[in-house]
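Each chain is listed here by its residues.
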Amino acid sequence: MSFLLVMKAEIVRTLIIMRRYWLRTIMGMIMGYGMLIVLILGFMLSQEELTNTMNDRFGDPEAATNFVLGFIIGMFAFGIVGMFTQGLQGMAVSGVLEQLCLSPHGLVTNFLARSTVAAITTCFSSSLMVWMVTMTVGGTLFFNGPALAMLLILTFINLLGFGFMMGGLILVFKQVGQVAILIRMGLFALAIFAKEELLEQGWAMATLVHALPIADAAILLKHVLIKNQRLVDGNYVPVYQHPSLFFLLLSCAVWTTLGITCFKMMENWSRAKGTLGTY
Amino acid sequence: MTESSGTLIELSRLNKTFTLRNFFYKDEETGKRQFYRKRLVKAVQNINFTIDRGEIFGLLGPNGAGKTTTVKMLSGLVKPDEGMVSVDGLDVERHRQKVLRKVGVVLEGTRTSIWPLTPMENLAYYGNLKNVKGSVLSERSNRLLDFIGLQDKKHVEVRHLSRGQKQKLAICIALIGDPQVLLLDEPTTGLDVQSARAIKDKIIEMTREYGKSVLVTTHDMHVAQELCDRIGIIDKGQLVACKPTQELLGNFSDQVYVFQLDREPDIAALEQVPGVLTVTTELTSEGPTAVINLEPEPAARSRALYAVMEALSKGNYELRSIAQRQQNLESVFLQLTTSTM
């Protein structure tokens, strides 16, 4: 109930700000689209000047779509984790964080609701952007509603735990903005370069990929949207039977538990230090 | 005035020490540099006081005295090292979320609101955060904006409001959950005279009409004197006085006497008189005066008063008049805090 109330407040706030600053919202989308399209077309149209490696990677529409999708999943991860890092810092500077700390729903519920709303709005704008870019570059996306919805929810939960952990660090140590940006960039790169082939590079690499947040989610999203649920060898494997799904569920459980526990501990520590809500 | 009397807030043996850590610290006095320095600052030491229902309690103190830390401990933003804070019988540490339903807090008020939203939208947002919903929220938002005088600005984005209007909105935000207690940290700082007065009047009205208890920290002695039923003076983390405002002023005005003389008094000689605490001189249009602070205990004060008159007589001073000085909160505050500053 608490969560729903806070979420309602967040949705209303977000919609009002999006409506009031509509030009900024549209410009943001146009710039995102333009940036991606320039990047992709740049790679596709200058094949002769690029190295063979680049040609292999971006020379065909599927590879380009793969890159775009990775890019957008990366943006999604960047945004969700950023809500806990730079977003939390911004709220501390503006004084809104103090009021959230004073809300009887608790800081965890507030951030849960904030990040859910941020995820939903990002999903809408990202979907639109993926579709537009894919159409432009001539790639194909395979749409499977239930699988996609499940994966998006799991991707969000996967990022949530990691976001809470980062947010906890910000609550206590405050000025860790540069480190947070580096970590977010790492997640961004992970989303772009995560692919099924990595899991076949030995157990150490496979363990690392499964342990990191977003990697399994990105692999599965690409498996559904680009590869139409087919493995590298061409065999059809529904996403529900994909081995990465088990690891994604495990990753969600571990990161969420770890993240929220860490956040609560850090919140308590911050209260003891007397710096909760301040920057 | 209030629906029911009795203690609403209780702070008991409250202690808080902060650890300050500095890297590459340079001592301003010696110029010595240290790679790392750890320093303990006792922000609050053994604070005890209570606030009754419907009471306005003022917490006064110089900068860094521990006022904001006390307010933050009351609202659960800072965890005390020792002692207990309770609101309506609930321990803030154990029942923080329940306590937050009973408490409204204004800390640096102009920063509380979300600037791209209007006052009405801010109240809707914070109302939801504080469990207020539906028609109650809408009705309460309108009533609060009407009460505080922001009804005509309810659809104007907060970033276009003046500092005083933002402060008023912050009070509305704190009140949207209909709390029993309102904690106001420096509510009039940086405001012009009219805005400060308007906010002060609204606080009084709210306490008298709706029976809310208010804890207000302020540097403005005039606001505190006019606003507060009871005042606590905090200095270096310790509560040095806690009395009803009139009693606090009365206690000190009994002690201070102004002797109008024909010439400058000999301060050193007067300070030797038993029962005299301090002697200062002031030059008025009617001539020089000796302002003498006597022992607070009535019998000792009486003896000291006669002894001073005798000393002045021996020194061949012409005593033109004696008057008790009417104290204001500022002089009381200075007397209580100067010795330790």
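Residues numbered from 1 in each chain as written. Chains lettered and ligands numbered in written order. Predicted model: local features only at pLDDT ≥ 70, side-chain atom pairs only at ≥ 80, totals over all residues. Heavy atoms only, no water.

(A) Inspection of the state of the cysteines at higher detail. Residues and elements named next belong to chain A. Taken as a whole and assessed by the stated rule, the structure comprises zero disulfides over all chains. With no disulfide of its own, cysteine 101 lies closest to cysteine 262 among cysteine sulfurs, the gap being 16 Å. The exposure class of cysteine 101 is buried, given its relative accessible area of 4%. (Disulfide = S-S within 2.5 Å. Buried < 20%, exposed > 50% of the residue type's maximum accessible area, 1.4 Å probe, protein only.)

(B) Region of interest: the packing of aromatic side chains. Inspection of every chain in the model, using the stated rule, returns 13 aromatic pairs over all chains. Ring geometry for Tyr125(B) versus Tyr126(B): centroids 5.2 Å apart, planes at 75°, classification edge-to-face. One aromatic cluster in this structure is built from Phe84(A), Phe111(A), Phe164(A) and Phe263(A). Positioned above the aromatic ring of Trp115(B) is the side chain of Lys166(B), whose terminal nitrogen or guanidinium carbon lies 4.0 Å from the ring centre. Between Arg263(B) and the ring centre of Tyr317(B), over which it is positioned, the NZ or CZ distance is 4.1 Å. (Phe/Tyr/Trp six-rings, centres within 6.5 Å; stacked < 30°, edge-to-face > 60°. Lys NZ or Arg CZ within 6 Å of the ring centre and 35° of its normal.)

(C) Quick peek at the interface of chain A and chain B. Tallying the contact residues gives 36 residues for chain A and 33 residues for chain B. Between chain A and chain B, roughly 3,100 Å² of surface is buried when both sides are summed, and carbon and sulfur atoms account for 53% of that area. Run the count over chain A and chain B and you get five salt bridges. Salt-bridge contacts for Arg96(B) lead to Glu267(A); the nearest nitrogen and oxygen are separated by 3.7 Å. Elements with a contribution of two residues or more to the side of chain A that touches chain B: helix H1 (2-20), helix H5 (86-94), helix H6 (96-101), helix H7 (107-137) and helix H12 (243-273) of chain A. A per-element tally of the side of chain A that touches chain B places H1(A) first, with 10 residues. For the side of chain A that touches chain B, the residue count by class is 16 nonpolar, 10 polar and 10 charged. (Contact = heavy atoms within 4.5 Å. Buried area = accessible area lost by both parts, 1.4 Å probe. Salt bridge = Lys/Arg side-chain N within 4 Å of Asp/Glu carboxyl O. Helix = DSSP H or I, 4+ residues; strand = E, 2+ residues; numbered from the N terminus. Nonpolar A, V, L, I, M, F, W, Y, C, P; charged D, E, K, R; others polar.)

(D) Quick peek at the sheet that holds strand E14 (residues 321-324) of chain B. Residues and elements named next belong to chain B. Strand order in the open sheet formed by four strands is E12-E13-E11-E14, and the pairing between neighbours is antiparallel. Two strands lie at the open edges of the sheet, namely strand E12 (276-284) and E14, each paired on one side alone. Adjacent strand axes in the sheet meet at a mean angle of 20° when their direction is disregarded. Here strand E11 (residues 256-260) pairs with strand E13 (residues 287-294) via five bridges, running antiparallel. If you follow glutamine 260 over to E13, its bridge partner there is threonine 289. Strands E11, E12, E13 and E14 of the sheet are contacted by helix H10 (residues 298-314), whose axis makes an angle of about 20° with E11. (Pairing = 2+ DSSP bridges. Axes fitted to C-alpha atoms, helices over the stretch in contact; angles between N-to-C directions.)

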